[in-house]
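Understanding the architecture of this molecule
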Amino acid sequence: MDVLLNIFVGLHIIGIASLLGGFLTQMKAMGAGTARFSPAMLHGALTMLITGVALVGIHQAQDHNVNNLKIGIKLAILVVILGLVYVKRDEEKVEKALFGAVGGLTVVNIFIAVLWN
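A brief look at the structure comes next. All values reported here derive from a predicted model rather than from experimental measurement. (Residues numbered from 1 in each chain as written. Predicted model: local features only at pLDDT ≥ 70, side-chain atom pairs only at ≥ 80, totals over all residues. Heavy atoms only, no water.)

Let us look at the pattern of salt bridges. Tallied over the entire structure, the rule returns one salt bridge. Across the salt bridge formed by Glu91 and Lys88, the nearest N and O atoms sit 3.4 Å from each other. (Salt bridge = Lys/Arg side-chain N within 4 Å of Asp/Glu carboxyl O.)

Have a look at this one:
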């Protein structure tokens, strides 16, 4: 079961990298007002959602304690990110504030995962 857990952790990190990487590669475009949500950002957010649910399920199946408050907050943030990216995915330009919010929420989600024990 540990191998399966590690595979899902790796896939979860790949999802985070895709979402955050898509944001970071367009920071210059964001400054110019021409940033847009890339398919990689949508796929990264979906990957995070699916693998996150799987990770919680694996932990609960092994009778490990799961911090439901932490997971709930991370899920809520991810649903907001996913909603914004999904709704605005076909637009040629995304407002600076909206694009920055997705990047900021992604970073907040990462810090919650790392710092909240």
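Anyway, onward from the coordinates.
Formed by 20 residues in total, the largest nonpolar core has its most connected members in Leu19, Phe37, Met41, Val85, Phe99 and Val102. Per element, the largest residue contribution to this core is five residues, and it comes from helix H4 (residues 68–87). Not counting residues within four places of it along the chain, the set of residues in contact with Val102 comprises Leu19, Phe37, Met41, Ile81, Leu84 and Val85. (Core = buried A, V, L, I, M, F, W, Y, C linked by side-chain atoms within 4.5 Å. Buried < 20%, exposed > 50% of the residue type's maximum accessible area, 1.4 Å probe, protein only. Helix = DSSP H or I, 4+ residues; strand = E, 2+ residues; numbered from the N terminus. Contact = heavy atoms within 4.5 Å.)

Attention shifts here to the environment of Ile81. Here Ile81 lies in helix H4. Overall, the relative accessible area of 0% leaves Ile81 in the buried class. Sequence spacing of Ile81 and His12 is 69 residues, and the spatial spacing of their C-alpha atoms is 15 Å. Residues within four places of Ile81 in sequence aside, it is in contact with Leu19, Val102, Leu105 and Thr106.

So, about the side chain of Thr106. Residue position: Thr106 is located in helix H5 (residues 96–115). Exposure remark for Thr106: the relative accessible area of 2% places this residue in the buried category. Every residue in contact with Thr106, bar those within four places of it in the chain, is listed here: Leu19, Leu20 and Ile81.

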